[in-house]
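The residues making up each chain are set out below.
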Amino acid sequence: MKFSTRAIHAGQQADSQTGATIIPLHLSSTFTQDEIGVHKGYDYSRSGNPTRSALELCLASLEEGAHGLAFASGLAAVMAVFSLLKPGDHVVAGEDIYGGTYRLLEKVLGPQGIFATYADAREVWAIEKAMRKETRIVWIETPTNPLLHLADIAAIAATCLARGVLLAVDNTFATPYAQQPLKLGADIVVHSTTKYINGHSDVVGGAVVINDDYLSKTMRFYQNAAGAVPSPFDCWLTLRGVKTLAARMIQHQGNALAIAEILQQHPLVESVSYPGLKDHPQHELALRQMDSFGGMVSFRLRGGREEANRFFKALQVFSFAESLGGVESLACYPAAMTHGSMPRGERERRGITDSTVRLSVGIEDKEDLINDLSQALATAATTRRVQRKG
Ligand SMILES: *Cc1c(COP(=O)(O)O)cnc(C)c1O
């Protein structure tokens, strides 16, 4: 079956007892057993829950993987992957990774003797160069946050395979609608389901999808042993959200492309980054490995923090907020928000300046979004002229 059908039906047959068409919300923490050692597949909801199983089957199907595991947050899912490591093991991670993943590597895993080196994942040779004999996992995101740089998943997967290193791809920005890393050779896919997969900004959750049975067993053991599982209600909401993922992504991408093209023409905009733009430096790679370019756009304003602040304050449809992937449009200021904890020099070296703005383009009416951005840019620009005269 095709993606949009699987998003609605995978793992979600009608309930065998009642015929309920929608997966029931099983809040029960425990399950009555038939006799010693005999039950219907569930005994305790940390170890397994029918609503969670439905979500796990659905996500595995969307990523075209054999096994799905749901977690209480995206970072709990990231941690489940790193739980495969022992002290002395080494990770090569993309330079532009989610700040929370960086923090987990540096502040939690580092002190436990698991070390990471960061490399520019746009270049396969840079990843290769960072590898050591202790390297066990290569960790990448593509597109990255907030600059929307891409990494060549198939090429990096080939390098990892040759060295017996696992490749994990955080597919949160792209979603399985736009990109299926397992098909390109990755071993592990990770999601913050908080973002596009749930899509309605009302659940924090995460997931891991894998093909390998041994890895799946190991991580399933960890999921139960460490216990960072999502609540049945969060699973239920996420299942409801993911049903419309394909429909939402079509609208996200249509709006994002239109906005990226209009921003490119705007006198107050210095540059725009969106993988769907012909002049994105890796547009050719985007065409090769992505089926859609997603809903994230970043751009650089002419001006700095002041202009950016006036722009954010003038927005009326876009909310000035962190996070992404919901139906509503959000604008964020990476220098003070997502990357606020990164030292200025380090941040600017990566290209995240005081004029960088990130948009999570929602699925509202395209014209309303364009008008909102235009009036906010005009306000930022006019105020600047007025102030200069004064
Ligand atoms: C948000 C995010 C995470 C962390 O997910 P949480 O659900 O907030 O724990 C990880 N990776 C990426 C790319 C994200 O955007």
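Residues numbered from 1 in each chain as written. Predicted model: local features only at pLDDT ≥ 70, side-chain atom pairs only at ≥ 80, totals over all residues. Heavy atoms only, no water.

**With respect to the domain arrangement of the protein chain**
- When its domains are assigned, the protein chain resolves into domain 1 (3–242) and domain 2 (245–389).
- For domain 1 and domain 2, the distance between their C-alpha centroids amounts to 27 Å.
- Across the boundary between the two partners, domain 1 contributes 35 residues, which contact 38 residues of domain 2.
- With both sides pooled, the region where domain 1 packs onto domain 2 buries about 3,100 Å², and carbon together with sulfur makes up 58% of that total.
- Per-residue buried area on domain 1 facing domain 2 is highest for L150, Y177 and Y196; these three make up 24% of the total on that side. (Domains from an automatic or database assignment. Contact = heavy atoms within 4.5 Å. Buried area = accessible area lost by both parts, 1.4 Å probe.)

**Details of the site of the ligand**
- Taken together, 14 residues lie near the ligand, and G74, D170, S192, T194 and K195 sit nearest.
- S192 places a polar side-chain atom, nitrogen or oxygen, 2.9 Å from an oxygen atom of the ligand.
- Notes on the ligand: free accessible area 380 Å², of which the protein chains cover 91%.
- When its residues are assigned to classes, the shell around the ligand shows five nonpolar, six polar and three charged. (Near = heavy atom within 4 Å. Polar contact = N/O pair within 3.5 Å; in protein donor to acceptor, adjacent residues only side chain to side chain. Areas by Shrake-Rupley, 256 points an atom, 1.4 Å probe, with all protein chains shown as cover. Nonpolar A, V, L, I, M, F, W, Y, C, P; charged D, E, K, R; others polar.)

**Quick look at the packing of helix α2 (residues 50–62) against helix α9 (residues 232–242)**
- One way to put it is that α2 packs onto α9 with a least axis distance of 8 Å and a crossing angle of 35°. The way α2 lies across α9 gives a crossing that is left-handed. Residues T51, R52, A54, L55, C58, L59 and L62 of α2 pack against P232, C235, W236, T238, L239 and V242 of α9. (Axes fitted to C-alpha atoms, helices over the stretch in contact; angles between N-to-C directions. Helix = DSSP H or I, 4+ residues; strand = E, 2+ residues; numbered from the N terminus. Left-handed = near helix turned anticlockwise from the far one by under 90°.)

**Quick word on the pairing of strand β1 (residues 67–71)**
- Summarising burial for β1: four of the five residues are buried, a large majority.
- Judged from the five bridges that link them, β1 and strand β7 (residues 206–210) form a sheet pairing that is antiparallel. Among the inter-strand pairings, H67 is bridged to a residue of β7, identified as I210. (Buried < 20%, exposed > 50% of the residue type's maximum accessible area, 1.4 Å probe, protein only. Pairing = 2+ DSSP bridges.)

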